[in-house]
Structures are given as structure tokens and as C-alpha cells.
Amino acid sequence: MCMFSRIILPSISSWEVMEKLHKLAEPERFTTIRLQKSPAMELLLFEGLFQDREIMRYVIRNMNNSKFKVQGSNVILTVKIREDAYDYPTVEEWETYFRTINGKRNWSECTPGERADTVIIKNLPTKWFSLDANNPKPCERFLRDAFTLFGTIRKVDYEDCVEEGELGDDITSLTSQFGIPLTFNAYIQYQNYTSFKAAMSGLKGKQLMRLFPGQKPTFSPFVVDYDRTGFMTDKIHKARKIERERAAEEAKRKHEAYMKQQSELMAKQIEKQKRKRRKLEEKKMAAKKSKKDKRRKRKGDINECEKKEKSTDCDSALIPLL
């Protein structure tokens, strides 16, 4: 369930405000709370969720009009909290829409993707549906496993989405990590209208839960709608697949060119280091040779001096005595 809290905005940290909201909600606790884009600069707008409606209403009664201060500010902040009125699509709405654009009452006569058969599930966490950190794209098998509960799935697809106002230390916070979107929109196309209707009814008011053995469950909200764009028609789906393959080939080509460039650069650096080492070795050898030559020359000079001294001694010994 959703709720919003509005806070008069001085220059403060949104993280600190969230900690205060958590304390005000005790002994209950938000399953998630995150900063949203505010319609006015003087407000901080948050969206929080709880495990069930009763807990949410209890917290609303206790938190509404609460006041608190944050560190480093003398301004008293006031909490305004209410239940979010989520305008969920109705059976009458989608039946009227598709009958209007198709002019047919029998769903089986309509082309897949142009009838009521595709559920859009928005703001799903990317890392919950990816194979691993090295492959951050959503896995179609995981999507099928998660939503096949309502009936036979014909096709699944997705589009990246960057959700505004993810948790951050200020109002303008990061929404992706290392270029990877944190959330995506899933398109689940069911084989027939019965499965589509079951999914639309079954997902109403729900949120996603992830549970690992020995750990507390984590929750993620999502928004449900039906597709009005023909995103999953065979023609558009095929064109999108071709475009993705082309983009993948282009990315692969760029990656290979980059790796080749890096390899050539590394080879040049290695060759440069080798030349530098050779020059250094040659310099050392030259210095060593010069040192030896100097030693030899010094030794030769000493020997020459000794010879001269001996010759002088011999010459002095031949002088006749008078």
C-alpha cells in the first residue's frame, strides 16, 4: 500500500528525514520508503509502503501532523501523510478501450498485442531479475517463472526505465549505478483473455517480495497497467528484436575495436618499456665499460710510473764514481 508524506523543505538531508520517518513509524516499519519528485520546491515528497493496509492506516493515524527537527536546523518540520489513491484499471475500462479501437466483441478475432492480453508491470528491480552482475539485463525465464501463475504466457519483453527520485542524499539523486538502470518495465503477454484478466485482478494491491533462507524478506512496489501501444504485436516485437540484435552487434563491434585499440596501446607501452630497459642496460654497460677502461688506464699509468722509476734507478746505478 502506498502513502505520501510531505515535509516543509529547508536545506536538509533527505536521508536524515527518512531516518526520522522510520522512527516516527515505530513500532511498525516501512517495507520501503523512497524520495519522489516533488510538485513544489518547499516540499519533500516520499512514498512508503507497508506489509498490509491495517498497518498503514495505524501509522497514518499516529504520524499525521507529527513535528520534528533535524540536526543542524532549528526549523520544525511537519509531516502530512495520506493513503495513496491508486487509480487501478478496471475491466470496463480495458474492454471499452479495445472494443473501440478494434470494433470486435470476440477477443480471439483480434491480433495478439492489439487486444486485452498484455500486462505492463512497471518499476521492477533490475537486479532481482538479472542472471548475475556481469549480465544485468532482465532474464526472460525469470519473468515467465514469476508471472506464469495466472495462465499461459505467449511472450515476455521489457524496456529499461529510470525511476525518478531513488534514495539519495539530496533531492537530485542518482537513479542508476554504473550506467545500469535500477528498474525496468515488464510486458507480459498472455495466451488468452482469461489469463490476462486473472493477472490484472491478481496483481492489484500487491508488491514483489524476495526471500532468501535465513534472511528477512525484502519488498518492492510496482505499478500495473495494460498495454495500449501495441508493444507486443508480432510486427513491432520482431522489429524491436532486429534492432536489439543490430545494437548488440554494434556494441560488440565497438567493444572489439576498443579491445584491439587497448591491445595495440598496451603492446606499444610494452615495446616502449623494453626500449627504455634496453637503453638503461646499454647505459649501464657503457658506464661499466668506461669504469673498466678508467681502471685499466689507471693501472697502465701506475705500471708506466713503476717502469720509469726502475729505469731511473738503473741509470743512477751506472754513474761512475770519481
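Within any chain, residue numbers begin from 1 and follow the written order of that chain's sequence. Per-residue local features are limited, in this predicted model, to residues with pLDDT of at least 70; the limit for side-chain atom pairs, both in listing and counting, is 80 or more; totals at the level of whole chains, interfaces and linings are taken over all residues. Only heavy atoms go into the side-chain values, all of them from the structure, while hydrogens and water stay out.

Visitor: Help me out: how do you make sense of the overall build of the protein chain in this one?
Guide: Helix numbers and strand numbers start at the N terminus; a helix is a DSSP run of H or I with at least 4 residues, a strand a run of E with at least 2. Scanning the protein chain from terminus to terminus reveals seven helices and 16 strands. Entry remark: accessible area of the protein chain is about 21,700 Å², with carbon and sulfur atoms responsible for 54%. Only the protein chains shown count as covering a residue, and every accessible area follows the Shrake-Rupley method with a 1.4 Å probe.

Visitor: Teacher, can you tell me more about the pattern of salt bridges here?
Guide: Side chains that carry opposite charge are capable of pairing whenever their charged atoms lie near each other. The term salt bridge refers to a side-chain nitrogen of Lys or Arg lying within 4 Å of a carboxyl oxygen of Asp or Glu. Using the criterion set out here, one finds 11 salt bridges in the structure. Asp-234 is paired through a salt bridge with Arg-154; the nearest N and O atoms lie 3.1 Å apart. Of this pair, Asp-234 sits in helix H7 (residues 234-317) while Arg-154 is found in strand S10 (residues 153-161), placing the two residues 80 residues apart along the sequence. Burial here depends on accessible area, computed with a 1.4 Å probe over protein chains only, as a share of the maximum for the residue type. Under 20% is buried, over 50% is exposed, and the range in between is partly exposed. By relative accessible area, which is 23% here, Arg-154 ends up partly exposed. A salt bridge links Glu-250 to Arg-253; the nearest nitrogen and oxygen atoms lie 2.6 Å apart. With Glu-250 and Arg-253 both in helix H7 and three residues apart, the pair spans about one turn of that helix.

Visitor: Even after reading the chapter, I still don't get the confidence of the model for the protein chain, so can you show me in this structure?
Guide: Note: predicted coordinates in regions of low pLDDT should not be interpreted at a detailed level. pLDDT is defined as a per-residue confidence score from the predictor, taking values between 0 and 100. Overall, the predicted model of the protein chain reaches an average pLDDT of 77, with 76% of residues at or above 70. Ignoring residues within four places in sequence, the model shows residues 1-9, a span with pLDDT below 50, making 62 contacts including any to other chains. We call two residues in contact whenever any of their non-hydrogen atoms come within 4.5 Å of each other. Of the regions scoring below 50 in pLDDT, residues 162-178 engages in 46 contacts with residues more than four places distant in sequence or in other chains.

Visitor: I would appreciate a short explanation of the nonpolar core in the present structure.
Guide: The nonpolar side chains of a soluble globular protein tend to be buried with one another. Nonpolar cores were defined as sets of buried Ala, Val, Leu, Ile, Met, Phe, Trp, Tyr and Cys residues, with membership established by side-chain atoms within 4.5 Å. Core analysis: the largest hydrophobic core is formed by 28 residues, its most contacted members being Val-119, Leu-124, Phe-147, Ile-188 and Leu-203. At the level of elements, helix H3 (91-102), strand S7 (118-125), helix H4 (126-129), helix H5 (140-147), S10, strand S13 (183-190), helix H6 (193-202) and strand S16 (223-226) are the ones that each hand at least two residues to this core. Residues Val-17, Leu-35, Val-59 and Met-63 belong to the second largest nonpolar core, which totals 20 residues.

Visitor: Is there a simple way to explain the packing of aromatic side chains in this structure?
Guide: Each aromatic ring pair is summarised here by two numbers: the centre-to-centre distance and the angle between the ring planes. Pairing of aromatic rings covers Phe, Tyr and Trp, the last counted by its six-membered ring, and requires centre-to-centre distances within 6.5 Å; plane angles under 30 degrees mean stacked, over 60 mean edge-to-face, and any other angle means tilted. For the structure on display, the rule yields nine aromatic pairs. Relative to Phe-184, the ring of Phe-129 has its centre 5.7 Å away and its plane inclined at 80°; by these criteria the two rings are edge-to-face. Taken together, the residues Phe-129 in helix H4 and Phe-184 in strand S13 connect sequence positions 55 residues apart. With relative accessibility at 5%, the residue Phe-129 sits in the buried group.

Visitor: Whenever I open this one, unusual backbone geometry confuses me. Can you help?
Guide: Where the residue is not glycine, phi is negative for most of them; where a peptide bond is considered, it is trans in most cases. The linkage connecting Glu-26 with the following residue, Pro-27, adopts the cis geometry, with an omega of 10°. Backbone geometry places Asn-65, a non-glycine residue, at a positive phi of 70°. In this fold, Asn-65 is placed in the loop between helix H2 (53-63) and strand S4 (67-68). At Asn-123, a residue that is not glycine, the phi angle is positive and equals roughly 65°.

Visitor: I'm lost on H6 in this one. Help?
Guide: Structurally, the α-helix is built with 3.6 residues per turn, so residues lying three or four positions apart point the same way. Listed in full, the buried residues belonging to H6 are Tyr-193, Ser-195, Phe-196, Ala-199 and Met-200. Summarising the axial view, the buried residues of H6 lie within an arc of 165°, below the 170-degree limit, and thus occupy one face. Polar contacts, as counted here, are pairs of nitrogen or oxygen atoms within 3.5 Å of one another; within protein the pair requires one atom able to donate a hydrogen and one able to accept it, and residues that are adjacent in sequence qualify only if both atoms are side-chain atoms. Two or three places before Thr-194, at the opening of H6, Asn-192 has a side-chain oxygen 3.3 Å from that residue's backbone nitrogen. This arc is built from the directions going out from the helix axis to the C-beta atoms.

Visitor: I would appreciate a short explanation of the environment of Asn-65 in the present structure.
Guide: Judged by relative accessible area, which is 39%, Asn-65 ranks as partly exposed. C-alpha of Asn-65 to C-alpha of Leu-77: the two residues are 12 residues apart in sequence and 9.4 Å apart in space.

Visitor: It is not clear to me how the side chain of His-237 should be interpreted in this structure. Could you clarify?
Guide: With respect to the helices and strands, the residue His-237 is situated in helix H7. His-237 gets classed as buried once you look at its relative accessible area, which sits at 17%. Sequence-distant contacts of His-237, that is, excluding residues within four places in its chain, are made with Lys-155, Val-156, Asp-157, Phe-231 and Met-232.

Visitor: What exactly am I supposed to notice about the pairing of S13 here?
Guide: Regular strands place their side chains on alternate faces of the sheet. The buried count for S13 comes to eight of eight residues, which makes it a mostly enclosed element. The alternating pattern of S13 places Thr-183, Asn-185, Tyr-187 and Gln-189 and Phe-184, Ala-186, Ile-188 and Tyr-190 on opposite faces, both of which are buried. At least two DSSP bridges between two strands are required for those strands to pair. Note: S7 against S13, six bridges, orientation antiparallel. Bridged to Ile-121 within S13 is Ala-186.

Visitor: What is the right way to read a positive patch on the surface from this model?
Guide: In this scheme, patches are assembled from residues that exceed 30% relative accessible area and form no salt bridge. Like charges are connected within 9 Å, while nonpolar side chains (Val, Leu, Ile, Met, Phe, Trp, Tyr) are connected within 5 Å. His is not counted here, nor are the chain ends, while Lys and Arg score as positive and Asp and Glu score as negative. Just so you know, the charge point we use is NZ for Lys, CZ for Arg, CG for Asp and CD for Glu. On the surface, Lys-284, Lys-288, Lys-291, Lys-292, Lys-294, Arg-295 and Arg-298 cluster together into a patch of positive charge. By the secondary structure assignment, Lys-288 is in helix H7.

Visitor: Explain the environment of Ile-33 to me, please; I cannot follow it from the model alone.
Guide: In this structure, Ile-33 sits in strand S2 (residues 32-36). Taking the C-alpha atoms as reference points, Ile-33 and Phe-46, 13 residues apart in sequence, are found 6.8 Å from one another.

Visitor: I would appreciate a short explanation of the environment of Ser-220 in the present structure.
Guide: Tracing the sequence through the fold places Ser-220 in strand S15 (residues 218-220). Distance in space between the C-alpha atoms of Ser-220 and Met-209 is 6.4 Å, their sequence separation being 11 residues. Excluding anything up to four places from it in sequence, Ser-220 contacts Asn-123, Pro-125, Trp-128, Gln-207 and Leu-208.

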